[in-house]
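# Tertiary structure, described
Given next are the chains, with one letter for each unit.
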Protein chains: 4
Amino acid sequence: MPDRPRRICVVVASRANYARIKTVMEALRDRDDVELQVVAAASALLSRFGTAVEQMELEGFKPSATVRLIIEGENPTTMAKSTGLGLLELPTVFEMLEPDIVVTVADRFETIATAIAAAYMNLTVAHTQGGEVSGSIDESVRHAVTKLAHLHFPATALSARRVLAMGEDPATVFNLGCPSIDLVARARLGSRRALIEQLNARGTGSPIDPELPFLLMLQHPVTTEFGHSLDQINATLDALSAVGMQALVFWPNVDAGSEDVAKGIRVFRERGRDEGFHFLRHVPAETFIRLMAHCACMVGNSSAALREGAFLGTPAVNVGTRQAGRERGGNVLDVGYGPEEIAWGIREQLAHGRYERDELFGDGTAGVEIAGVLAVAEPRQQKRLCYDAAALSAE
Amino acid sequence: MPDRPRRICVVVASRANYARIKTVMEALRDRDDVELQVVAAASALLSRFGTAVEQMELEGFKPSATVRLIIEGENPTTMAKSTGLGLLELPTVFEMLEPDIVVTVADRFETIATAIAAAYMNLTVAHTQGGEVSGSIDESVRHAVTKLAHLHFPATALSARRVLAMGEDPATVFNLGCPSIDLVARARLGSRRALIEQLNARGTGSPIDPELPFLLMLQHPVTTEFGHSLDQINATLDALSAVGMQALVFWPNVDAGSEDVAKGIRVFRERGRDEGFHFLRHVPAETFIRLMAHCACMVGNSSAALREGAFLGTPAVNVGTRQAGRERGGNVLDVGYGPEEIAWGIREQLAHGRYERDELFGDGTAGVEIAGVLAVAEPRQQKRLCYDAAALSAE
Amino acid sequence: MPDRPRRICVVVASRANYARIKTVMEALRDRDDVELQVVAAASALLSRFGTAVEQMELEGFKPSATVRLIIEGENPTTMAKSTGLGLLELPTVFEMLEPDIVVTVADRFETIATAIAAAYMNLTVAHTQGGEVSGSIDESVRHAVTKLAHLHFPATALSARRVLAMGEDPATVFNLGCPSIDLVARARLGSRRALIEQLNARGTGSPIDPELPFLLMLQHPVTTEFGHSLDQINATLDALSAVGMQALVFWPNVDAGSEDVAKGIRVFRERGRDEGFHFLRHVPAETFIRLMAHCACMVGNSSAALREGAFLGTPAVNVGTRQAGRERGGNVLDVGYGPEEIAWGIREQLAHGRYERDELFGDGTAGVEIAGVLAVAEPRQQKRLCYDAAALSAE
Amino acid sequence: MPDRPRRICVVVASRANYARIKTVMEALRDRDDVELQVVAAASALLSRFGTAVEQMELEGFKPSATVRLIIEGENPTTMAKSTGLGLLELPTVFEMLEPDIVVTVADRFETIATAIAAAYMNLTVAHTQGGEVSGSIDESVRHAVTKLAHLHFPATALSARRVLAMGEDPATVFNLGCPSIDLVARARLGSRRALIEQLNARGTGSPIDPELPFLLMLQHPVTTEFGHSLDQINATLDALSAVGMQALVFWPNVDAGSEDVAKGIRVFRERGRDEGFHFLRHVPAETFIRLMAHCACMVGNSSAALREGAFLGTPAVNVGTRQAGRERGGNVLDVGYGPEEIAWGIREQLAHGRYERDELFGDGTAGVEIAGVLAVAEPRQQKRLCYDAAALSAE
């Protein structure tokens, strides 16, 4: 072992990544036995996704390196190629930084570049949010990263059981909850009026009336249903129109198909159907949590509705297949892609109102606990599928 | 479904790949309902690895595209970067070829580029040799590719059970044996004299005396033990010297560390210790099978000793961790990296002589059967981890 | 020479590229002795730049290959890296297409990737618009491409003399005018009312009153003044406000700094200063020509003001250094970056009104003539600096 | 200007690069007003080209970054792609190192990646050995780099005049000689016996008899004559055989076609025609200089015969087109590719014996003088073609 603090390198590849690893980064930074390295990559660097890197720097996480890898186009081809670009560049960065452990977050397409680069270079790979089930290419990415990672931090007990079932060594699987819940647990929710006025001053479209209830809409493309994203966003926007409640609408992420989602929103606006709608590109994670706490209902297919929403008790209408199979609390109502069922779901949830807190994804202590494991876990390189051959044979 | 023969694209990334998928390619070519596309990539294009692509063309498989991706240096960094280069290029190729199914073979580091590119582009990914267990980075690559693949062709019953245990849908797992055994089963072994004389005319070093028994040595670097490859090859060469039997020695593959293996062999020669040793870069798969049939004992860490060796009953001394955990027949004796134990193992195997045939990895019909499945299997995009939640909870 | 029509591959990397090579492509397509190949690359594929590739297909130029190479970020770093990505991909494309001659257009940053790839692969490289002088990195790119190209089609007599002065072989330099003028010469200018109504139905902001004169504004970043683009666009927008005439404003291209230009325009709009301004992303080249014919004055730093503007006699105010040194007709008034001088310039030009036609950049026959040379020119690989050593010594 | 020593980054991409810039690096390192940064790239990192980076480290130049970019295959396609890989990676490195000036050496294919990356990133680019004339793709690369560079250090007066004739600003062109001559001027030539015995202990083939004269052969592929390299090397080897003098033969560089040159040498050896030939991969520059001083005649197409050879007065037979047009002293006899004319040339030169010193390429002070300019030259970004328009028009 080198005679220096252990170097732990967190690769932050998007705004969402940052929200889901930030309390781990804080805890690592606070430890004496660890040197935290931060690499900002992919959409975390792009202004149309809110330049998460700037917020990271404001909050004290200056990146040791930045890796620009998003090739414009946002279709399945560029999604693969952008990952390839990351895989070309990250080894150079890891060679310069010489980390002991590399942390990769969740299941976005470019996540796997981090996992491959680090694993091939015989660095110990740590992975959060393994073992979950969803739709989109994320489902494949997530489990492939599990098979490349040496340390696993699944967010729920069921996810942990799945990681073990996939043949990971029990000594490497730590069920400590999701760091994203830490942010929720410590959030100051503040007043709805202050929050809404702040956001009305940003974005475009109609201002939201802070005295009246509002919907919160966020819908990403499903990469495995590429070519259908435009129809899908149109249906959801139609449903919102039909329900008639004012709504805050976010632009989508950088997955294949997001250009179609954006187009749907643009056309909706250009046709003048956007009365009562306010459009935002991105807000800090803490602001989004406050929106989830104050909105009447979430609509779309963001995993936040299932994850942070469970803890907050936010009524949510989950549209389509993107979250299919993912664990969720009682706050989520699943519907298909039809505008009528989406509208029905929203009305059901509005009638129900807020739900009880559900600590399915953690209780707010994950960051410190994960950092504690990362600081002392034995380094690993060679993996080995961990099955009892006799048990397998008996099946 | 498009109104044309199904397009099945096989990506051949090395000489070994070709040997392990060739009978599938033959069977696909012979079908009317399939259009076979071949992509030659990575070390399959390089002359120091025998330009496998030339042999493929001779045997009627002209590539639709070639992808040069090996970045010189052969260390963990370039291994990751070469994979990234493949992942940048393969999407362009798949866009031009528009295959329905992409076939990726086994577990070499660049294999995952094929799997990622195809999966991200919503093509159906088929994978052979999943579910095996070994050392080196191959172990991680193999299982990660399983999690990206939609159709699985494991080579043994136990491998198939492992693929299922990892959560793959039983409808997508086909236990049909390994196509590499097809080549063994149909091989004409011929006379030792003819074989040896042919090889004496190639390569360098002492000619092999065709009247006397000979050892067959092939040792690759273990990527997860990068930095130890030189010591490891030196120990094996010392053992060969100690045993004193003439030996055919092959140069290693392109994994990180292969430069060190090659250096060990070069220094061994330059020090004049190579009396009785003949050195070869590569031979066609059929020739290698004949060598395995005629040699007195194999030494090193090639998976061929375990796989083709089981069917042929070739006595084999398996050195170190590269094949750790992989299924093998009774023909294999495992030893560590010490020269004494390697020499002991060789002497034990020479005393034993050849073994009975073991059809653990198949009986010679895999190629046709796998092609049959590929021709008619339902296309798939969206994967889903396939576990019974109740069963998981009960554990 | 191969016994088949000569293959000429035109790489179109942007909407502007297309406008400046289209009549050459038409003429090549009409010839029996030539097979035209089209590669669409870079911003020609991106929807926020109008997906020029779709217009190309509508007009009968289906690309043989597409190369996505723009890495998001639009700063000097990504500009270099995007060029690198093109240089990684184009060789694969040229290997598949096997052209005899590759045509690269003008001086955008990614142009050099085409020139290098083709020259290194011993293909004959043809270049249009060499020998001009301007600011920005284009100045360096243009002359470097000249040194890599084998056939030169400068757009003016002075440019041709400069290409010769740089040491190019006189047998390879053809002064035939600029194909962009062909489009101008054959354009049907139509009525201002029809044109304006068509554009009012697109874009955003205030509609233009077709009965009143309007300004046409297009300002790109200067890459060698990266970091100043925001101030520069703000000054021009301030000048437009001060003049008070309604204006059509175009969004900028993809050079480093364009994000800052776009930001300036966005903030201008969000501050509600955009009364009387209509914003457009892009229009077909023919529509832009009609706008130049009908506007009261052009403002900004587009080369169109100098080039097509000379032929059309459009009064133009050229801001800053981007076109510094470029040939221009009498229709252009140069000003610096200050809002007052820009406003002064606009008022001067409005007072003057339209100018006489100037055929400095050609008379409308360049496309057919360049195609004629490409069809029969001797293929070349080895270049040689063409100076009279005695003359040099005498200097 | 930043308040710190000026950062000057030298990119060393090959063993030959190093020899031709080393005294500049030494002089920069010795200055207080400069921080020297070294980037090792391309074949400078590869063991089969002698891992120049190891020698650099031994001599006190530890690289700040290493860039692996050579894609295996050595044909025109990989030559272009390797350059693209460099252009993808170097911007990341320059972002991390933040140099003020980037120095690129001579004219090898990957040199242009350094020039483009730095120029696009608005760094000041300095270039050595511009303005020379030769064959191969180097001819195009060299002049294209001149058009991207801001500071020029041509090696001869004629080269300087050519750089000026190409339109470079006279204030940026410095005729200070070639740093490679510095090494020659300070070399201790030692005894032939010691030198030969040292080299006999390395390499392969027959030892050289130190009492007898020997030829020194080094022949690289001509990229623009790709496909002819095998015939060309065969002819030269035949000529050496015909002359019958013992010879030291070096393996070729990494240009497209070098695999064919290597193959020619290998086959020559395998056919047992190599009696009296000793083969070497590479030696330090100082050792090569000593070889040039002690050999009876150089044969091949290395530029060293023209450059260092002029100063040393080494009789040289220059074969084929690779150096066509390059300045040379009286020590060089040009011949074509035929074995008879090569043999004739060797015999002529052996009859003549050594030549007088010619300081055409410098007198041994270039390194210090170039470093002096680099330390104080005004930074530049925007270039401008520097011609007197009136003078051009008058031609």
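Residues numbered from 1 in each chain as written. Chains lettered and ligands numbered in written order. Predicted model: local features only at pLDDT ≥ 70, side-chain atom pairs only at ≥ 80, totals over all residues. Heavy atoms only, no water.

### Overview of the relation of the copies chain A and chain C
Test applied: In this comparison the copies share one frame, found by least squares on the C-alpha atoms of residues holding pLDDT of at least 70 in both. In what follows, a contact means two residues having at least one pair of non-hydrogen atoms within 4.5 Å.
Superposing chain A onto chain C takes a rotation of 180° combined with a translation of 0.1 Å along the rotation axis, leaving an RMSD of 0.0 Å. Look at the turn and shift together and you get a two-fold axis relating the two. Among all residues of chain A, the one whose C-alpha sits closest to the rotation axis is Ile71 of chain A, at a distance of 2.2 Å. A symmetric contact is evident, with 100% of the interface residues of chain A recurring at the interface of chain C.

### Considerations on the sheet that holds strand E7 (residues 204-205) of chain C
Residues and elements named next belong to chain C. Let me state the cut-off plainly: Strand pairing requires that DSSP identify at least two bridges connecting the strands. By the criteria applied, helices consist of DSSP H or I runs no shorter than four residues and strands consist of E runs no shorter than two, each listed in order from the N terminus. Only the stretch in contact is used when fitting a helix axis, every axis being a line fitted to C-alpha atoms; angles between N-to-C directions are given from 0 to 180 degrees.
An order of E7-E10-E9-E8-E11-E12-E13 is seen for the 7 strands of this open sheet, with the pairing classed as mixed. Two strands bound the open sheet, and with one partner strand each, they are E7 and strand E13 (332-335). Taken together, the 3 bridges between strand E11 (residues 297-300) and strand E12 (residues 316-319) define a ladder with parallel strand orientation. Bridge pairing in E12 places Gly300 opposite Asn318. Packing of helix H10 (residues 258-270) onto the sheet brings it into contact with E7, strand E9 (247-250) and strand E10 (277-280), and relative to E10 it is tilted by some 140°. Here helix H11 (residues 285-294) sits on the sheet in contact with strand E8 (215-218), E9 and E11, set at roughly 130° to E8.

### A look at the packing of helix H3 (residues 76-97) of chain D against helix H4 (residues 111-120) of chain D
Residue and element names in this part refer to chain D. Condition: Note on terminology: angles under 35 degrees are roughly parallel, angles over 145 are roughly antiparallel, angles of 65 to 115 are roughly perpendicular, and the others are oblique. For any pair of crossing helices, the crossing counts as left-handed if the nearer helix is rotated counterclockwise from the farther one by less than a right angle, and right-handed if it is rotated clockwise. Ten residue types, Ala, Val, Leu, Ile, Met, Phe, Trp, Tyr, Cys and Pro, are classed as nonpolar, four, Asp, Glu, Lys and Arg, as charged, and the remainder, Gly among them, as polar.
H4 packs onto H3 with a crossing angle of 40° between their chain directions and a minimal axis gap of 8 Å. When the axis of H3 is compared with that of H4, the two are oblique. H4 is crossed by H3, and the crossing has right-handed handedness. Residues Thr83, Gly86, Leu87, Leu90, Pro91 and Phe94 of H3 lie in contact with H4, whose contacting residues are Ile112, Ala113, Thr114, Ile116, Ala117 and Ala118. Counted by class, the contact of H3 with H4 contains 9 nonpolar, 3 polar and no charged residues.

### As for the interface of chain A and chain C
Under the convention used in this document: By definition, the buried area sums, over both parts, the 1.4 Å-probe accessible area that each loses when the two are put together. When a carboxyl oxygen of Asp or Glu lies within 4 Å of a side-chain nitrogen of Lys or Arg, that pair is called a salt bridge.
Taken together, the contact pairs 17 residues of chain A with 17 residues of chain C. A buried area of about 1,500 Å², summed over both sides, lies between chain A and chain C, and 49% of it is on carbon and sulfur atoms. Counting across the interface, chain A meets chain C through 2 salt bridges. Measuring nitrogen to oxygen at the nearest pair gives 2.1 Å for the salt bridge that ties Lys81 of chain C to Glu89 of chain A. By residue class, the composition of the side of chain A that touches chain C is 6 nonpolar, 4 polar and 7 charged.

### A few points about the environment of Thr321 of chain A
Residue and element names in this part refer to chain A. For clarity, the cut-off: Think of it in three bands: with a 1.4 Å probe and only protein chains considered, a residue is buried below 20% of the maximum accessible area for its type, exposed above 50%, and partly exposed in between.
As for its placement among the helices and strands, Thr321 is situated in the loop between strand E12 (316-319) and strand E13 (332-335). On the accessibility criterion, Thr321 (27% relative accessible area) is partly exposed. For the pair Thr321 and Gly336, spaced 15 residues apart in sequence, the C-alpha separation works out to 7.8 Å. Once residues within four sequence positions are removed from consideration, Thr321 is found in contact with Gly135, Val222, Glu225 and Tyr337.

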